[in-house]
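Geometric and topological summary
Here's the letter readout for the chains.
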Amino acid sequence: MKRLIQIFIVSLLSVACMPTDVPNAIATDRRLAAATEVHVPLLVTASVDIEEHESKENPVEIEKEGAGLTDVGEDWFATGFLNYPVEWIEDPLSYGAGFSMHVAAWPMQETYPGAAYQSGLPGTWMHADAATDREEIYSTIEGGLGWWNDTRFATETPKFIMGGVSREFMEWANGPGAGAGFGDVDRRDWDEPQGKYGVAQLSPYVLWAPDGLNLKDGTNGELFGYGYHPLPLIDTQVETNGLDVSTGNQSWTLFLNTGNFKGPVSFFIPNFFTKPVLEDPSLEGIFLDTSPSGANRGISMETQVIPAVHATDAEGTSYARITQIQFPVSGPDTSIILSQPSVYSHAALWNNVDQWWNSDAAVLGGAFDPEETHLTAFTEGADSSYIIIYEGIAEDEEYYIDWDALATPDLSDPYTFKYRWNMDLVTQFGDNFHLPEYYRLEQEPDGDKVWTPILVEDVPEETGLQLHEFEQLGVRNDAQPFVTPEEPDSIWQSPGPVAGPFQAELGDGSIVTYSWYRFVDQPAILYWDFSAAEREALQARVEAIHRHWMPDQAYLASPAVGELADLDPNIIVTPPAGLEIGYVPIVTRQEKATE
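Below, the discussion takes up the overall build of the chain. Per the secondary structure count, the chain includes 4 helices and 39 strands. Per-residue burial for the chain yields a buried fraction of 59% across its 595 residues. In the chain, the proportion of contacts linking residues at least 24 apart, taken out of those at least 6 apart, comes to 74%. Split by element, the accessible area of the chain, about 23000 Å² in all, is 47% carbon and sulfur.

Once that is clear, we can look at the packing of aromatic side chains. Scanning the model with the defined rule gives 44 aromatic pairs in all. Their ring planes at 40 degrees and their centres at 5.6 Å tell us that F255 and Y555 sit as a pair that is tilted. Pair noted here: F255 is in strand 20 (residues 251–257) and Y555 is in the loop between helix 4 (532–548) and strand 39 (583–592), with a separation of 300 residues, a long-range link. Under the relative-accessibility criterion, Y555 is labelled buried at 2%. When the ring of W421 is compared with that of F433, the centres are 6.5 Å apart and the planes differ by 50 degrees; the resulting orientation is tilted. With W421 in strand 31 (residues 416–421) and F433 in strand 33 (residues 432–434), the pair connects residues that are 12 residues apart, well separated along the chain. For the pair shown, W421 and F433 are each scored as buried. In textbook terms, an aromatic cluster arises when at least three aromatic residues are bridged by ring pairs, as seen for Y84, W106, F327, F378, Y386, W403, F417, Y419, W421 and F433.

This brings us to the sheet that holds strand 32 (residues 427–429). Strand-to-strand pairing in sheets goes through backbone hydrogen bonds, with the strands running parallel or antiparallel. Strand order in this open sheet of 3 strands is 24-33-32, and the pairing throughout is antiparallel. A strand with exactly one partner marks an edge of an open sheet, and here the two such strands are strand 24 (326–328) and strand 32. Strand-to-strand twist in this sheet, taken as the mean axis angle between neighbours without regard to direction, amounts to 35 degrees. Here 3 bridges tie strand 32 to strand 33, and the two strands are oriented antiparallel to one another. Among the inter-strand pairings, Q428 is bridged to a residue of strand 33, identified as F433.

With that settled, the discussion passes to the pattern of salt bridges. Using the criterion set out here, one finds 13 salt bridges in the structure. One salt bridge connects D211 with K159, and the closest N-O pair in it is separated by 2.6 Å. Of this pair, D211 sits in the loop between strand 17 (199–201) and strand 18 (213–214) while K159 is found in strand 13 (residues 159–161), placing the two residues 52 residues apart along the sequence. Residues D211 and K159 agree in their burial class; the two are buried. For R167, the salt bridge identified is with D280, shortest N-O distance 3.9 Å. Of the two residues, R167 is situated in the loop between strand 14 (164–165) and strand 15 (172–175) and D280 in the loop between helix 1 (270–274) and strand 22 (299–312); the sequence distance between them amounts to 113 residues. By relative accessible area, D280 is classed as partly exposed at 25%.

Before going further, it helps to examine the environment of K196. Turning to its location among the elements, K196 is positioned in the loop between strand 16 (178–180) and strand 17. Linking K196 and A173, residues 23 residues apart in sequence, is a C-alpha distance of 5.8 Å. Within the local environment of K196, its side chain forms a polar contact with the backbone oxygen of P193, the two atoms lying 2.7 Å apart.

As a further point, take helix 4. Compared with the 24 Å implied by 1.5 Å per residue over 17 residues, the 25 Å span of helix 4 between its first and last C-alpha is a close match. Residues of helix 4 that are buried: R535, L538, Q539, R541, V542, A544, I545 and H546. Contact partners of the buried residues in helix 4: helix 2 (350–358), strand 38 (510–518), helix 3 (523–526) and strand 39.

Nonpolar side chains tend toward joint burial in soluble globular proteins. In terms of nonpolar packing, the biggest core is built from 141 residues, with Y228 and F327 touching the most fellow members. Those residues in contact with Y228, other than ones at most four positions away along the chain, are A97, G98, F99, M126, I141, F160, M162, W252, T253, L254 and F268.

Attention now moves to the pairing of strand 22. Counting buried positions along strand 22 yields 13 of 14 residues, so the element is predominantly enclosed. For strand 8 (residues 118–120) and strand 22, the ladder comprises 2 bridges, and the chain directions are antiparallel. In the strand pairing of strand 22, S119 is matched with T303. When strand 9 (residues 123–124) meets strand 22, the two strands line up antiparallel, connected through 2 bridges. Residue pairing across strands places G123 opposite S300, the latter belonging to strand 22. Both strand 22 and strand 23 (residues 318–322) contribute to a ladder of 5 bridges, which runs antiparallel. When the sheet's bridge partners are listed, A311 is paired in strand 23 with Y319. Counted along the chain from strand 22 to the antiparallel partner strand 23, the turn is 5 residues long, and its residue G316 has a positive phi close to 90 degrees.

As a further point, take the environment of K275. Tracing the chain through its elements places K275 in the loop between helix 1 and strand 22. For K275, a relative accessible area of 26% gives the class partly exposed. Discounting chain neighbours no more than four positions away, the residues touching K275 are E171, Y527 and W528.

A large share of strand 39 lies buried, amounting to 7 of its 10 residues. Alignment of strand 36 (residues 482–483) against strand 39, held across 2 bridges, turns out to be antiparallel. Paired with V483 across the bridge in strand 39 is R589. Where strand 38 lies against strand 39, 9 bridges are found, and the strand directions are antiparallel. Residue pairing for strand 39: Y514 is matched across the bridge by V587.

Calculation rules
- Residues numbered from 1 in each chain as written.
- Predicted model: local features only at pLDDT ≥ 70, side-chain atom pairs only at ≥ 80, totals over all residues.
- Heavy atoms only, no water.
- Helix = DSSP H or I, 4+ residues; strand = E, 2+ residues; numbered from the N terminus.
- Buried < 20%, exposed > 50% of the residue type's maximum accessible area, 1.4 Å probe, protein only.
- Contact = heavy atoms within 4.5 Å.
- Areas by Shrake-Rupley, 256 points an atom, 1.4 Å probe, with all protein chains shown as cover.
- Phe/Tyr/Trp six-rings, centres within 6.5 Å; stacked < 30°, edge-to-face > 60°.
- Pairing = 2+ DSSP bridges.
- Axes fitted to C-alpha atoms, helices over the stretch in contact; angles between N-to-C directions.
- Salt bridge = Lys/Arg side-chain N within 4 Å of Asp/Glu carboxyl O.
- Polar contact = N/O pair within 3.5 Å; in protein donor to acceptor, adjacent residues only side chain to side chain.
- Expected span 1.5 Å × (residues − 1).
- Core = buried A, V, L, I, M, F, W, Y, C linked by side-chain atoms within 4.5 Å.

Here it is, written out as structure tokens:
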């Protein structure tokens, strides 16, 4: 029997990246605030579809040789944040033109736990600076690498999503043809697209599947470089949808720095951010279509659901076991987590592009100006808010994992964050460090309780935890393909593609069907109310980018350590003859490969 549960987690989070005299911390995802030694409430809400197991109140009996019967509560899970504070930038508007960083990509779980598993690798929240002190207007770009409970073709290798959030999560856009919003039950209902037209495909070289951008299968510890520059692709719209509401000219463009592709891939259409302004004109000018980005951002690794089980021994001591978590090996006892967090001024790229469009400036090859880039150092104060809980647990019974017993931040390179592991508890297996699976609830001298990591030999046999076999958490939905509208009069078919369909088999076991569209004839552009003149001006600019920005140039600040991760080689494509300039591949279907 399946059920849909709502998980509400309230705990405390401390992030040190803002001075204590700053009165208003910048909210990030309503779950993270940046404030030096300021503890703020953390509220995580997640909906997960899980197999109904016997809970703590209805235990499962496990029989083992040499012991009696024991009660194992299976509805437990680990959740929380790992936080990576960075230095505070005193003049944030000087660097209001985006960010980049290089994040280690690795399989966080040794075995993919199931469809309800949800965790991100280190990521950030880029907000509009103009909206910092406003209530009820939360809007960000906050995607990254990870696994989500709506991922249909998940493997141990993470995928990447863009994660653009329109006002108060009314819609979000995860990539070309991928998005959702409240009330969008299956998140792929094209009658109510809710963000699925929020991102336009820009690159003629990269296929973006609706399930997420694929990395090379088996990626383990290599650095995935990504970031956003605003590009003046679409001029300021004095009127939007026929209303006296302006939309700004910032097209926040995703740039990648990987081993087999570098450059722009896709961008948020400015109208995605200003759509709420059509209903509330008082919000004009405060979203990312117009506002500079906030240079001071929180960086964290957000985990919502990692399966766990719980039991007590004969003396009533609590023990827990979680599915195997691992981190990549970078040194004898260290893991590189992320490197080179950077923010950019408008002079880094925007100004040159703007001059390129609007004057006789020389052709711009796409390279950014490193002198207009601020490399942001990590600071002391990295911490964890990981807890082990079950649904409905009392707030005063939510206890933290003693992360400090496992890892110590290594800031010997101030621009690269590393964990140094306690090798008395952490074990190296091949190219990964395995964290302890077992934890004992202990009381500290100050009276607080904490989940202390222990070795398997320290777990009493009567708990039954050692013999427990974790089942798949949730049912995979990979039998259901992602589809797009096929009606002849839809914007997918009229004017429609100029070549295709073609197919590619990806490393996640899916097959994507894609066709080639003239850039401004792709559905995400046709969806919005652009005039013919605006569309043709946009087409000319994209053709200039295709002609002069090559996929082997540097568009982001590169790391000084580690190796770059690769995209799945099967998502790298070559445009057909005659379609090299001004055309893009659009994925129209994704389905499970035939076994």
